[in-house]
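# Reading the structure
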Amino acid sequence: MRKTSIKEILTATGGTLVTGSENNYITGIKHDSREIKPGDMFVAITGENQDGHKYIPQAIEDGVAAVLVSHTDGWPGKIPEGYELDIILVEDVIQAMGDLARWYISELGIKKVAVTGSVGKTSTRDMIYYVLNQRYNCGRNLKNYNNNIGLPVSIFQFDENTEAAVLEMGMDAFGEIDYLSGIVKPDIGVITNIGVAHMEKLGSREGIFKAKMEITANLAGAAEGGSLVFAQDDEFLTRERTAGDYEQVSVGYENSADYVISDVDDFGVEGIEFNVAHNDKIARVRLPLPGVHNATNAALAIAVGGLLGVDMNSAAEGLAGASLTGSRLKRIEGKTVTIIDDTYNANPDSMKSAIDVLTRSRAERKVAILGDMFELGDNTVSQHREVGEHAKEAGVDLVIAIGILAANIAEGANGEYFRNKEDFLAEIEKHIKSADMILVKASRGMKMEDIVDRLKDL
């Protein structure tokens, strides 16, 4: 973060300075008191289960310079005598973080790319990052920080050396993408796809489409160089349905796309190769990331690069060194087995894609350990069963389904079933053989990394 004065923070947030001086400044912003460094401002977030204000004494011990708070009940009495602390009082700390992030990123004057979609947001964000780094000093979200707290925190990491930023935006309700894009005010918006994630809250794929299109609400207009990049389909992400006051750039396998994908070679867990053609130019891309679906994500990244002056060959060079954040189709060599760790999250589309990666990989026996997928609404039973049927048809040798909802996966795959992880872990050695290649995947709430950790030691 660039040095930021207390006066600037007060102006951006509309806050009140309780103690301290407007002439003081901070050099970082943290929402986790365990990460505080001298010169930081700590934002005391109050949630359903805890009040961040109680961690202010710990932040003081670590040299915090300022705090952003929503109340002064009790905790100021714990400030050591003589300790200089700028206290900024606001009505809503999370809203104030958003207001401050909106001001801060606008002050940096950088190129801004916003990414959303049902599947592949983080992967596409990471690929855009590697492409843009070929020309710019590029920033991106920390970890998977893509909500109304994580996005501002990520923005505060950028400084005057940052030239471009690619920011993923997550949501599970209407209005959230609108809010986040209002903070960023992107030059380029990217929509990866319209799937079925969050169907429970958004009602239908039509609802999901409307929620994702909120990314255009704060997109720069055509006169300012605004662009929407999308993976075209036949129903939602069409040129007609995504039209607005911005340039449209599509990617896909049809010749009607602006960036056309072709000749995909799938090497399973080893990655893919494919061609991308744009106008009269063509590039062969070697992506060290598994999954045919990643050809589309990579093409989106190449299209964004094209809008910002990165030619296709340079983009391909950047993608050749790409790696993904978190446990996304990550190959791990255990003592006797190979694990494909895709435990970050899951929905029906990503489940099927991960299964395809498994079945296209070289291994003596291919095992899929699959858990519950959440927030699928009325389609929960059928979507789980379809995943099981897909695994069976794709040629998975053994499907092990874990969780209450996953009983439907086992039914579709004629696989084995365990109601919970503990039951499976108790007899894991009965089901896993030496030299197996094992996919592990489920929604985040299942915490399937516990199984990955156990598999490493087999």
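Note that the structure is a prediction, hence the values are computed from the model and not measured.

## Notes on the pairing of strand 22 (residues 436-441)
By the criterion of burial, strand 22 is predominantly enclosed, with 6 of the 6 residues buried. Neither face of strand 22 is left uncovered, since the one carrying Asp436, Ile438 and Val440 and the one carrying Met437, Leu439 and Lys441 both have all their residues buried. With 6 bridges joining them, strand 19 (residues 365-371) and strand 22 adopt parallel strand pairing. Each bridged residue has a counterpart across the sheet, and for Ile369 the counterpart in strand 22 is Val440.

## With respect to the packing of aromatic side chains
Across all of its chains, the model carries 5 aromatic pairs by this definition. Here Trp103 and Tyr104 contribute two aromatic rings whose centre-to-centre distance is 6.4 Å and whose plane-to-plane angle is 50°, an arrangement assigned as tilted. A ring pair is formed by Phe418 and Phe424, whose centres lie 5.3 Å apart and whose planes are at 65°; its orientation type is edge-to-face. Take Phe418 and Phe424: they sit in the same class, and that class is buried. Connected via pairs of aromatic rings, a cluster forms that spans Trp103, Tyr104 and Phe156. Lys3 extends its terminal NZ or CZ atom over the ring of Tyr25, reaching a point 4.2 Å from the ring centre. Arg140 extends its terminal NZ or CZ atom over the ring of Tyr129, reaching a point 3.8 Å from the ring centre.

## Brief notes about the environment of Ala217
If you trace the backbone, Ala217 turns up in the loop between helix 8 (205-212) and strand 12 (227-231). Judged by relative accessible area, Ala217 falls into the exposed class, the value being 53%. A sequence separation of 32 residues divides Ala217 from Lys185, and the C-alpha atoms of the two residues are 8.8 Å apart.

## Here's the deal with the packing of helix 4 (residues 121-132) against helix 9 (residues 293-307)
Between helix 4 and helix 9, the least distance of the axes is 8 Å, while the angle of their chain directions is 40°. On the basis of their axis angle, the class for helix 4 and helix 9 is oblique. When you trace helix 4 past helix 9, the crossing you get is right-handed. Packed against helix 4, whose contacting residues are Ser123, Thr124, Met127, Ile128, Val131 and Leu132, the element helix 9 presents Asn294, Asn297, Ala298, Leu300, Ala301, Val304 and Gly305 at the interface. Each residue belonging to the contact of helix 4 with helix 9 can be placed in one class, and the counts come to 8 nonpolar, 5 polar and no charged.

## Let's talk about the nonpolar core
Of all hydrophobic cores here, the largest spans 79 residues; its most connected members are Met41, Leu68, Ile155 and Leu370. The dominant element in this core, judged by the number of residues it contributes, is helix 3 (residues 93-108), at 8 residues. With near-sequence residues (within four places) excluded, Ile155 lies in contact with Ala101, Tyr104, Ile105, Leu167, Ile183 and Val184. Of all hydrophobic cores here, the second largest spans 43 residues; its members include Leu287, Ala298, Ala303 and Val310.

Basis of the calculations
- Residues numbered from 1 in each chain as written.
- Predicted model: local features only at pLDDT ≥ 70, side-chain atom pairs only at ≥ 80, totals over all residues.
- Heavy atoms only, no water.
- Buried < 20%, exposed > 50% of the residue type's maximum accessible area, 1.4 Å probe, protein only.
- Helix = DSSP H or I, 4+ residues; strand = E, 2+ residues; numbered from the N terminus.
- Pairing = 2+ DSSP bridges.
- Phe/Tyr/Trp six-rings, centres within 6.5 Å; stacked < 30°, edge-to-face > 60°.
- Lys NZ or Arg CZ within 6 Å of the ring centre and 35° of its normal.
- Axes fitted to C-alpha atoms, helices over the stretch in contact; angles between N-to-C directions.
- Parallel < 35°, antiparallel > 145°, perpendicular 65-115°, else oblique.
- Left-handed = near helix turned anticlockwise from the far one by under 90°.
- Contact = heavy atoms within 4.5 Å.
- Nonpolar A, V, L, I, M, F, W, Y, C, P; charged D, E, K, R; others polar.
- Core = buried A, V, L, I, M, F, W, Y, C linked by side-chain atoms within 4.5 Å.

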